[in-house]
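# Architecture at a glance
Residues per chain, in single letters:
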Amino acid sequence: MRYYTHLAFSFLVGILLIEYLSISNQILFIALFMGFSLLPDIDKVQSKVSEKIKVVSFVIRFFLGHRGLMHSIWVPLIFYLTLFGFSMNIAIAISFGYLSHLLLDGLTPSGVKLLWPMKKKLKGFVRTGSLMEYLLFVLLIILDVYFLMSL
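Quick caveat, the model's predicted, so the values are computed rather than measured.

Calculation rules
Residues numbered from 1 in each chain as written. Predicted model: local features only at pLDDT ≥ 70, side-chain atom pairs only at ≥ 80, totals over all residues. Heavy atoms only, no water. Helix = DSSP H or I, 4+ residues; strand = E, 2+ residues; numbered from the N terminus. Rg over C-alpha atoms; globule rule 2.2 N^0.38 Å. Buried < 20%, exposed > 50% of the residue type's maximum accessible area, 1.4 Å probe, protein only. Contact = heavy atoms within 4.5 Å. Areas by Shrake-Rupley, 256 points an atom, 1.4 Å probe, with all protein chains shown as cover. Patch = residues over 30% accessible without salt bridge, like charges linked within 9 Å, V, L, I, M, F, W, Y side chains within 5 Å. Salt bridge = Lys/Arg side-chain N within 4 Å of Asp/Glu carboxyl O. Core = buried A, V, L, I, M, F, W, Y, C linked by side-chain atoms within 4.5 Å. Axes fitted to C-alpha atoms, helices over the stretch in contact; angles between N-to-C directions. Left-handed = near helix turned anticlockwise from the far one by under 90°. Nonpolar A, V, L, I, M, F, W, Y, C, P; charged D, E, K, R; others polar. Parallel < 35°, antiparallel > 145°, perpendicular 65-115°, else oblique.

Turning to the overall build of the protein, a few remarks are in order. Helix and strand counts for the protein come out as 7 helices and 0 strands. For the protein, the sequential pattern of α-helices and β-strands runs α-α-α-α-α-α-α. Computed over the C-alpha atoms, the radius of gyration of the protein is 15 Å, within 12% of the 15 Å expected from 2.2 N^0.38 for a compact globule of 151 residues. For the protein, the spread of C-alpha atoms along the principal axes amounts to about 45 × 40 × 30 Å. Expressed as a percentage of its 151 residues, the buried residues of the protein come to 40%. Restricting the contact set of the protein to residue pairs at least 6 apart, pairs at least 24 apart contribute 57%. Accessible surface, the protein as shown: approximately 8800 Å² in total, 72% of it carbon and sulfur.

Structure representation (structure tokens):
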């Protein structure tokens, strides 16, 4: 999926979690949620996040490839376990933002190996950059606005 679809989806999930969890620092929560929704693509040359930190991106891509460890359940689990003692809200924002990316990429034909290095993939039918993704993006924006207005 394109970065803007990830951002629209992560904003929606973040807004819904803010209401459900009664988050006090909502701006920080949404910023972390959306920022970490882009992080899994650090292992891809053309991604927005790899453009910002090219050296780190190169090293990760060189050793792990694209849609390997960075697109597995292990990274957000490590984030969560590392941060929940510090701040439950930050741990949720970071790990769930990351997971939102994996969920959307699981809708593409390339899919994701959630239990990497196991080969089994979660995959779907929405091609990146297709009309279907564009329609999903528009629907997400409509839902973002709707739920934002209802806060």
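Now for a nonpolar patch on the surface. A cluster of nonpolar side chains, namely Trp 74, Leu 77, Ile 78, Leu 81, Phe 84, Met 88, Leu 115 and Met 118, defines an oily patch on the protein surface of about 770 Å² accessible area. For the nonpolar patch, the leading source of residues is helix α5 (residues 74-83), giving 4 residues. For Leu 115, the location among the structural elements is in the loop between α6 (88-105) and α7 (131-149).

Moving on, we come to the nonpolar core. Counting 23 residues, the largest nonpolar core has Phe 29, Leu 39, Ile 42, Met 70 and Tyr 98 as the members making the most contacts within it. Elements with a minimum of two residues in this core: α1 (3-21), α2 (26-38), α5 and α6. In this structure Met 70 touches Pro 40, Ile 42, Asp 43, Ile 60, Leu 64, Val 75, Tyr 98 and Leu 102, once residues within four positions along its chain are discounted. Membership of the second largest hydrophobic core comes to 8 residues, among which are Ala 8, Phe 9, Leu 104 and Leu 140.

This part covers the packing of α2 against α6. Interaxial distance between α2 and α6 falls to 7 Å at its minimum, and their mutual angle equals 35 degrees. The two elements α2 and α6 meet at a crossing, and its hand is right-handed. Facing α2, whose interface residues are Leu 28, Phe 29, Leu 32, Phe 33, Phe 36, Ser 37 and Leu 38, α6 presents Asn 89, Ile 90, Ile 92, Ala 93, Ile 94, Phe 96, Gly 97, Tyr 98, Ser 100 and His 101. Classifying every residue of the contact of α2 with α6 by side-chain character gives 12 nonpolar, 5 polar and no charged.

The next subject is the pattern of salt bridges. In this structure the tally under the stated criterion is 1 salt bridge. Its salt-bridge partner being Asp 105, residue Arg 67 comes within 3.4 Å of it at the nearest N-O pair. In this pair, Arg 67 sits in the loop between α4 (54-64) and α5 while Asp 105 sits in helix α6, placing the two residues 38 residues apart along the sequence. The exposure class assigned to Arg 67 is buried, which follows from its relative accessible area of 15%. With a relative accessible area of 0%, Asp 105 lands in the buried category.

Helix-helix packing is described using two parameters, namely the angle between the two axes and the distance between the axes. Closest axis-to-axis distance for the α5/α6 pair is 8 Å, and the angle between their directions is 175 degrees. Between α5 and α6, the interaxial angle falls into the category roughly antiparallel. Contacts between α5 and α6 involve Val 75, Pro 76, Phe 79, Tyr 80 and Leu 83 on the former and, on the latter, Met 88, Ile 90, Ala 91, Ile 92, Ile 94, Ser 95, Tyr 98, Leu 99 and Leu 102. Taken together, the residues that form the contact of α5 with α6 break down as 13 nonpolar, 1 polar and no charged.

Note that every value here comes from positions in space, so none of it alone points to a role or purpose.
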